[in-house]
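# A structural walkthrough
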Amino acid sequence: MSVYDNKVMDQPLKYVKGVGENRARLFAKLGLFTLGDLLHYFPRDYEDRSVYKPISEAADGESITVRIRFVSDIAESRPRRNLSLLKAQVTDGVSLMNVTWFNQSYIKQSIDISREYVFFGTVKRLGARVEIHNPVFEELEHSGNLTGRIVPVYSLTRGITQNMLRKILRNALDAVSDKLVDILPSSFRSQYRLAETAFAFEQIHFPTSMENMEMARRRLVFEELLLLQLGLFSIKGSNNNQNGIRFSPVDMEPFLKALPFRLTSAQERVLAEIKADMESDKRMNRLIQGDVGSGKTIMAVLAIYIAASSGYQSAFMAPTEILAEQHYRSIAPLLEKFGIKVGLLTGGMKKKEKETIKKEAGEGRLDVLIGTHAVLEDSTVFSRLGLVITDEQHRFGVRQRARLSQKGENPDLLVMTATPIPRTLSLVLYGDLDVSIIDTLPPDRKPIKTYVVDESMRDRVYQFIRKNIAEGRQAYIVCPLVEESEELEVESATGLVEKIREDALKGLRVGLIHGKMKSADKDEVMRKFSKGELDVLVSTTVIEVGVNVPNANIMVIENAERFGLAQLHQLRGRVGRGPYQSYCILFNQGKSHISRQRMEILAKSNDGFVISEKDLELRGPGDIFGVRQHGLPEFRIANLYRDMEVLKDVQKAAQYIMAEELLEKDEAWRPLARRVELMVKEKLQDLSMN
Ligand code: ADP
Ligand code: MG
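Conventions we followed
- Residues numbered from 1 in each chain as written.
- Chains lettered and ligands numbered in written order.
- Predicted model: local features only at pLDDT ≥ 70, side-chain atom pairs only at ≥ 80, totals over all residues.
- Heavy atoms only, no water.
- UniProt positions renumbered as here; feature names shortened; annotations may be inferred.
- Pairing = 2+ DSSP bridges.
- Helix = DSSP H or I, 4+ residues; strand = E, 2+ residues; numbered from the N terminus.
- Axes fitted to C-alpha atoms, helices over the stretch in contact; angles between N-to-C directions.
- Contact = heavy atoms within 4.5 Å.
- Near = heavy atom within 4 Å.
- Areas by Shrake-Rupley, 256 points an atom, 1.4 Å probe, with all protein chains shown as cover.
- Nonpolar A, V, L, I, M, F, W, Y, C, P; charged D, E, K, R; others polar.
- Buried < 20%, exposed > 50% of the residue type's maximum accessible area, 1.4 Å probe, protein only.
- Patch = residues over 30% accessible without salt bridge, like charges linked within 9 Å, V, L, I, M, F, W, Y side chains within 5 Å.
- Salt bridge = Lys/Arg side-chain N within 4 Å of Asp/Glu carboxyl O.
- Lys, Arg positive; Asp, Glu negative; His and termini not counted.
- Charge placed at Lys NZ, Arg CZ, Asp CG, Glu CD.
- Phe/Tyr/Trp six-rings, centres within 6.5 Å; stacked < 30°, edge-to-face > 60°.
- Lys NZ or Arg CZ within 6 Å of the ring centre and 35° of its normal.

Going by the annotation in an unreviewed UniProt entry, the name recorded for the protein chain is ATP-dependent DNA helicase RecG, with Thermoclostridium caenicola given as the source organism. Under Sequence similarities (unreviewed entry), UniProt gives the following word-for-word description of the protein chain: "Belongs to the helicase family. RecG subfamily."

A word on the sheet that holds strand 15 (residues 412–417). The sheet built from seven strands is open, its strands ordered 12-13-11-14-15-10-16 with parallel pairing. For this open sheet the edge positions go to strand 12 (342–345) and strand 16 (434–438), each flanked by a neighbour on one side alone. Adjacent strand axes in the sheet meet at a mean angle of 20° when their direction is disregarded. Relative to the sheet, helix 12 (residues 351–362) contacts strand 11 (313–317), strand 12 and strand 13 (368–371), its axis offset from that of strand 12 by approximately 135°.

What follows concerns the site of ligand 1. Around ligand 1 sit 17 residues in total, of which Arg262, Gly293, Lys296, Thr297 and Arg445 are the nearest. Relative to its unbound accessible area of 570 Å², ligand 1 is 85% covered by the protein chains. Across the shell around ligand 1, the residue classes tally to five nonpolar, seven polar and five charged.

Looking now at the environment of lysine 531. Tracing the backbone through its elements, the reader meets lysine 531 in the loop between helix 17 (519–530) and strand 20 (536–539). Using a relative accessible area of 59% as the deciding quantity, one classes lysine 531 as exposed. With 20 residues separating them in the primary sequence, lysine 531 and asparagine 551 have C-alpha atoms 9.4 Å apart.

Right, let's get into a negative patch on the surface. Together, Asp459, Glu498, Glu502 and Asp503 give the surface a local cluster of negative charge. Mapping glutamate 502 onto the fold places it in helix 16 (residues 486–502).

For the coordinates displayed, the defined rule picks out 16 aromatic pairs. Note on phenylalanine 188 and phenylalanine 222: the rings are 6.0 Å apart at their centroids and 70° apart in plane angle, and the pair reads as edge-to-face. Of the two residues, phenylalanine 188 sits in helix 5 (residues 186–191) while phenylalanine 222 sits in helix 7 (residues 210–236), which places them 34 residues apart along the sequence. For the pair phenylalanine 188 and phenylalanine 222, a shared accessibility class is recorded, and that class is buried. Relative to phenylalanine 338, the ring of phenylalanine 255 has its centre 5.0 Å away and its plane inclined at 55°; by these criteria the two rings are tilted. Of the two residues, phenylalanine 255 is situated in helix 8 (residues 253–257) and phenylalanine 338 in the loop between helix 11 (321–336) and strand 12; the sequence distance between them amounts to 83 residues. You can call phenylalanine 255 buried: its relative accessible area is 1%. Aromatic rings pair up to connect Phe70, Trp101, Tyr117, Phe119 and Phe137 into one cluster. One cation-aromatic arrangement involves arginine 458 over phenylalanine 587; the distance from NZ or CZ to the ring centre is 4.2 Å.

Next up, the structure:
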């Protein structure tokens, strides 16, 4: 399938010199199918073999490039059955060095000891003796491919070696470098100081200097981010400055007085921002970002109140049924006191009930519809939709957001998220949104104490749960995330419940909730837990987002090493929602150092932003958390941690391109326009799912 819209780039990999059918299958494992894919398979590192060094200056363990002559023959020996050695002595004209090749007897034939060579390898010093083992070598006269230059280092897969990949890339570049089409017009390139495409591909793989590599990299990062940004704009529209509804100014005092608590100063500030947006002509397009438990829900309620006061309906979408139901239970009483009518619509409801609710929304008899994806269905219509809110925004695709807002005429938009999104990623995703931040927690919250434990602590953990329950609290136990298989998750949760009911937590009221249960049953269990009729709730990750039971103060997570840090932080956020000291206990069954390190981050910090940045640092750019969760393609070269500056330029450029409609109007922009189109089709499909 064409991804690059270019004959050269879309050529199957097997036709590249040095590849063939068999290796093409190996490359497929790396996700590489075409020549274009290969060119976009960027080095993970470089090795500088360009600077020659005399033997005498090489430190023990240092990798050096050195020009040598042989001062002895190459002697072969077989000290053991599976070991063959080639040994020789060489000189750089000043000092002597011993070279040994292990199990590479074929080398003997390819070296002519009367000629000069370049070696690259790691030097070992043993007293006065200098040794080099298995050096890479090239005859001086023909050097410059593997030595005497900066060489790329790639991630490999079984059956493909560094040198093989280097040669194949060299062949590929030689075959196409004069046929590459630059998708960025030259005036644009000079405006943003971007290297040409041919230069960029050559220098990213075979840099003649690190400066050139940086120039190449900047160009390629720019291109990658620009394609993504333009793709996103083309899906959701970039128009941030549409006119919207002008809601009438409302006196909030009576409503605020009726709440069970006073707003925090951060909530007051966000309310002022929402109010200003809603009362202006501009369409509100606002993201509320606040850590778990910071009190985002009430902001939605206040916005709904403003909309209803002007006679407009609101839609409030949550990612799970549990959450939609919880919102309904907590929000409806607050609003109904003021005559605002609230309805609930979830996929799991009976057909009849759904129809009734939809009818009421369509006829304008409901002021607020809270629900899951069911709210998006074509059969759900509103009579006067003025405000659209999505909770836990990261769970929804960009397309879904767009779809919901199409149900009214330019309704105002409010999205809420606790997922701490690295600043760079949030710019890519929400570049066109205004952001409000709730940066303080409600008063009397005590920081959650987090402990990383292993199996040896299990009994003590159960005792600890018993003690807290005896004091009137409740506990969650979350079961392992089993990748790709909800069934297995359900199985392990069910198994655990049976075990602890009979044993460790005998006599306590233990409930079970998982994604495969009927929604009425889930609702029933959740309701019991919120009312305190259950002491312990064993669950799969269905409770990850939003669930609010302030009396619960212990969160135990089994196999915590299998979760992402952001997700652990979300889960932990289910406790610490009331005045009680709360605890999060992470069972770490992982053995690796990095898993331990990641857990420790969580134990040390309660701050979602800090956690996300650290996670990003640890996992590196290839596996940026949140990226996949947001349905974005993985980055091939951009690093959201490093490339903030480039991203800023990209956003400026993208805004300009959209505003001037260059992709539609201007011939010079056709290649870029086609690539954006293809990318949306190929890579951004996922944004509409979830
Ligand atoms: P989140 O931001 O994670 O969605 P919620 O909106 O569910 O958090 O709020 C968490 C808890 O804090 C709820 O029980 C809510 O009633 C309570 N809460 C929110 N704002 C305040 C406040 N200003 N003072 C005291 N409690 C508050
Ligand atoms: Mg919430």
